[in-house]
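# Coordinates in review
Below, each chain spelled out in residue letters.
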Amino acid sequence: AYTWEEFTQKLESFSPDVVYFYGHCTGGTEKTRLCFASKSGNASRDIEANEFSSCIQKMNVKPVLIYLNCLGTSTGLINFGIERGTMVPAVISSRFLYSSDIAREQGIKLLSDILTRGIAPHRAVASLFGQIDSSMKISMAQARWMTPIIFRQYDKWSAKASESLSRKIHDPFWHLKIDRV
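Please read these numbers as outputs of a predicted model, since none were measured by experiment.

## Examining the overall build of the chain
- Looking only at helices and strands, the chain has seven helices and six strands in total.
- Starting at the N terminus, the α and β elements of the chain follow one another as α-β-β-β-α-β-α-β-α-α-α-β-α.
- Across the 181 residues that make up the chain, the buried fraction comes to 38%.
- Residue pairs at least 24 apart in sequence account for 69% of intrachain contacts in the chain once pairs closer than 6 positions are excluded.

Written out as structure tokens, the structure reads:
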């Protein structure tokens, strides 16, 4: 969903396992807001933590992971993560991101590890530190501040790595297709 209206409408009939927000946030420690697009022109709609939480609470099946990958203030996102962390098993929150390229790369690496490789979120966050600084050509100090924070309410994470596409495609006549010399 691209707009807040689409997001709330889709959650009425669909309960995703992962809620991923990639965008901007505003505010400070007291009033952090996620900036969603709005249907009304080019304006953004700032969503406060309690409004976001009420949408999650209305879901038939709660997600197992909320990932807030935001550019902007980080202090409020920490409070946001602490509050949402009691609702779902895991909340991952940005710490300090200043570049959309880095935010995008971070999101791809984390979600790839968690969703396709079946790695527990806390392990994926821990292993992210070395992956980002080497691929984005940034210093260790910058990478440390950009490592996201995880709020977890689970003891054990159970996920199965997805099967590779090459394993799903099986041709019983493969041996007849090998060229002989």
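## As for the pattern of salt bridges
- Tallied over the entire structure, the rule returns four salt bridges.
- Of the charged contacts in the structure, one is a salt bridge between Arg45 and Glu5, with a shortest N-O distance of 3.6 Å. Of this pair, Arg45 sits in strand β3 (residues 44-48) while Glu5 sits in helix α1 (residues 4-11), placing them 40 residues apart in sequence.
- Assessed through its relative accessible area of 24%, Glu5 is described here as partly exposed.
- A salt bridge links Glu105 to Lys109, with the shortest nitrogen-to-oxygen separation between them at 3.0 Å. With Glu105 and Lys109 both in helix α4 (residues 100-116), this residue pair falls four residues apart, about one helical turn.
- Accessibility expressed as a relative area gives 23% for Glu105, which makes it partly exposed.
- Taken together, the shared-partner salt bridges in this structure form one network comprising Glu5, Arg45 and Glu51.

Scoring rules and cut-offs
Residues numbered from 1 in each chain as written. Predicted model: local features only at pLDDT ≥ 70, side-chain atom pairs only at ≥ 80, totals over all residues. Heavy atoms only, no water. Helix = DSSP H or I, 4+ residues; strand = E, 2+ residues; numbered from the N terminus. Buried < 20%, exposed > 50% of the residue type's maximum accessible area, 1.4 Å probe, protein only. Contact = heavy atoms within 4.5 Å. Salt bridge = Lys/Arg side-chain N within 4 Å of Asp/Glu carboxyl O.

Remember, this is a structural readout, not a statement about activity or role.
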